[in-house]
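What follows is each chain in one-letter form.
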Amino acid sequence: MGRIKHSVFGALMFSAVFALSGCFGPPAPAPPNTSAAPGTVPTPTGSSAAPTSTASPAPPATPGVTMGHTTSVPPSSMPVTPTTTAEPASPGLPEQVAPLTIYYVAIDDGGISGPLIGCGDSLVATTTAPVRFTDQVGPSIGALLANKNRDVGLSGLVNALYQSNLTYTGGQLDGSTITIHLEGQFMLGGVCDVPRAKAQLEYTAMTAAGATSARVLVNGRPIDEVLSLK
């Protein structure tokens, strides 16, 4: 009888343990520790991965250079076309169209027809056809020196300079005095032609310039010095 009680008690204990095991079940496995400790880098498992390189920032673009295959020329090396600035017109005399006044000689006139000169002659003003000019002195002296005829038409006037080889090279007006520059040489017909030639040049220059006196330089020398050798 005692043995039966002992068997019954053992069966009851086994049933109790089995019941408790069904309620609670086996203990759950501990969760894996996936969180890395602060400041600790987890060590990768398996094959080591190659370190990833970080792209360096692109350098700032240089002005005038396009990144890529095509490079533009920097502004400093580009050809620069110089800007042409028109120069202002220099001030001068206005252009005119008018006759020129040329002086010739009335031999033995005694100052009746014009200013008395030299050997009792007169200096007489004549005019040309209208001429276009800005400076009247050059065209007037040029017209006088270009006349290679002794007689001036049928007027009875004479040109004492008709054989001379002279060229007008310039002139300037200083106050009321006009200075003209000639190059070349005189060829005169006699002593009386000296004052005649000088008067023709001086009066023609004074009238053209509106001056009251004249200076004539021939090859850089005063006309009186040049003509004194004739």
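All of the points below concern the structure found in this document. Each residue is numbered by its place in its chain's sequence as written, counting from 1. Predicted model: local features are reported for residues with pLDDT of at least 70 only, side-chain atom pairs are reported and counted for 80 or more only, and whole-chain, interface and lining totals are derived from all residues. Excluding hydrogens and water, the side-chain values take into account all heavy atoms of the structure.

Our focus in this paragraph is the nonpolar core. Remark: nonpolar core denotes a set of buried residues (Ala, Val, Leu, Ile, Met, Phe, Trp, Tyr, Cys) joined through side-chain atoms within 4.5 Å. Type-normalised accessible area, obtained with a 1.4 Å probe on protein chains alone, sets the label of each residue: buried when under 20%, exposed when over 50%, and partly exposed for intermediate values. Judged by nonpolar contacts, the single largest core of 32 residues is most densely connected at L161, I178, L182, F186, L201 and V218. The helix count covers DSSP runs of H or I at least four residues long, the strand count covers runs of E at least two residues long, and both are numbered beginning at the N terminus. Among the secondary structure elements, those contributing two or more residues to this core are β2 (101-106), α2 (137-146), β9 (177-185), α3 (193-209), β10 (213-218) and α4 (223-227). Among the elements that line this core, the one with the most residues is α3, at 5 residues. Only heavy atoms matter for contacts: two residues are in contact if any of them lie within 4.5 Å across the pair. Once residues within four sequence positions are removed from consideration, V218 is found in contact with L166, L182, G184, F186, I223 and V226. Of all hydrophobic cores here, the second largest spans 5 residues; its members include Y103, V105, L123 and A199.

The next thing to look at is the environment of S164. Position of S164 among the secondary structure elements: in the loop between β7 (157-158) and β8 (165-174). It is 10.0 Å that separates the C-alpha atoms of S164 and G189, two residues lying 25 residues apart in sequence. Not counting residues up to four positions away in its chain, the partners in contact with S164 are K148, Q185, F186, M187 and L188.

Okay, the sheet that holds strand β11 (residues 221-222) next. To summarise the sheet geometry, strands pair through backbone hydrogen bonds and adopt either a parallel or an antiparallel arrangement. Read across the sheet, 4 strands follow the order β8-β9-β10-β11 without closing on themselves; strand pairing throughout is mixed. Every interior strand has two partners, whereas the edge strands, β8 and β11, have only one. DSSP calls a pair of strands paired once it identifies at least 2 bridges connecting them. With 6 bridges connecting them, β9 and β10 associate as parallel partners. Its bridge partner being in β10, H181 is matched across the sheet by L217. To get an axis, fit a line to the C-alpha atoms, keeping to the stretch in contact for a helix; angles then go from 0 to 180 degrees between the N-to-C directions. With respect to the sheet, α2 is in contact with β8 and β9, its orientation differing from that of β8 by roughly 155°.

Where α2 meets α3, the axes come as close as 8 Å, and the angle between the chain directions of the two elements is 150°. Regarding the angle of α2 to α3, the classification is roughly antiparallel. Crossing angle aside, the handedness with which α2 passes α3 is right-handed. Packed against α2, whose contacting residues are V137, S140, I141, L144 and L145, the element α3 presents Q200, L201, T204, A205, A208 and A209 at the interface. Of the residues belonging to the contact of α2 with α3, the class tally is 8 nonpolar, 3 polar and no charged. Should an angle fall under 35 degrees it is taken as roughly parallel, and over 145 as roughly antiparallel, whereas 65 to 115 is taken as roughly perpendicular and any remaining angle as oblique. For a crossing to be left-handed, the near helix must be turned anticlockwise from the far one by less than a right angle; the clockwise case is right-handed. Throughout, the ten residues Ala, Val, Leu, Ile, Met, Phe, Trp, Tyr, Cys and Pro are labelled nonpolar, Asp, Glu, Lys and Arg are labelled charged, and all others, Gly among them, are labelled polar.

The subject of this paragraph is the state of the cysteines. When two cysteine sulfur atoms lie within 2.5 Å, the pair is treated as a disulfide. Applying the stated criterion across every chain, the model contains 1 disulfide. For C119, the disulfide goes to C192, at an S-S distance of 2.0 Å. Disulfide C119-C192: the torsion about the S-S bond is -95°, which places it as left-handed. Linking C119 in the loop between β3 (116-117) and β4 (121-127) with C192 in the loop between β9 and α3, this pair joins segments that are 73 residues apart in sequence.

Within the secondary structure, A209 sits in helix α3. Note on A209: relative accessible area 21%, which makes it partly exposed. Through-space distance from the C-alpha of A209 to that of S176 is 8.8 Å; in sequence the pair is 33 residues apart. Here A209 is in contact with V137, L173 and I178, once residues within four sequence places are set aside.

So yeah, pure geometry; function would need other evidence.
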